[in-house]
Amino acid sequence: RGFLLEELPIRWARRIHLIESLPKWNEFPHMRVIRKLYSDAFRWLRMISPTDPDKFRSGLQTIKRRNSNILMHVVRGTRAMKDSLQL
C-alpha cells in the first residue's frame, strides 16, 4: 500500500503533464474528460491517509470504476486531435 500511495500520484501527474503538453488539448472534449479523470484520481490519492486501508481500497475501486471507459476517450480524443491538427 505504501508503494501505491507514493507511486500512483506520480504516474497520474505525469499523465496530466503529458496531456497538458499537447497542442490545443483543451479544445477537445475527450481530452478534457481524460485530464479531469486523471486530475481527480491524483487529487484523491494525495489526500488519502496512509493509515486507513479501507478508505484506500474503496478509493482505488472508485477510481477504477470511473476510469473504466478511459480508453474510449483516449482513442476518440487522439483521433479528433489528429484529424483537426493534421498530425
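Residues numbered from 1 in each chain as written. Predicted model: local features only at pLDDT ≥ 70, side-chain atom pairs only at ≥ 80, totals over all residues. Heavy atoms only, no water.

Trp 12, Ile 19, Met 31, Ile 34 and Tyr 38 are the most contacted members of the largest nonpolar core, which totals 17 residues. Only helix H1 (2–20), helix H2 (29–47), helix H3 (53–66) and helix H4 (70–85) provide two or more residues apiece to this core. The element best represented in this core is H2, accounting for six residues. If we skip the residues at most four places from it in the chain, Ile 19 touches Trp 25, Met 31, Ile 34, Arg 35 and Tyr 38. (Core = buried A, V, L, I, M, F, W, Y, C linked by side-chain atoms within 4.5 Å. Buried < 20%, exposed > 50% of the residue type's maximum accessible area, 1.4 Å probe, protein only. Helix = DSSP H or I, 4+ residues; strand = E, 2+ residues; numbered from the N terminus. Contact = heavy atoms within 4.5 Å.)

A word on the pattern of salt bridges. Under the counting rule described, the total for this entry stands at five salt bridges. For Arg 11, the salt bridge is made with Glu 7, and the minimal N-O distance between the two is 3.1 Å. Here Arg 11 and its partner Glu 7 are both found in helix H1, four residues apart, which amounts to about one turn of the helix. Looking at Arg 11, the relative accessible area reads 43%, which means it is partly exposed. Looking at Glu 7, the relative accessible area reads 19%, which means it is buried. With its nearest N and O atoms 3.0 Å apart, the salt bridge here joins Arg 57 to Asp 54. Taken as a pair, Arg 57 and Asp 54 lie in helix H3 at a separation of three residues, close to a single helical turn. A relative accessible area of 47% places Arg 57 in the partly exposed class. Overlapping salt bridges bring together Lys 36, Asp 40 and Arg 43 as one network. (Salt bridge = Lys/Arg side-chain N within 4 Å of Asp/Glu carboxyl O.)

Note that every value here comes from positions in space, so none of it alone points to a role or purpose.
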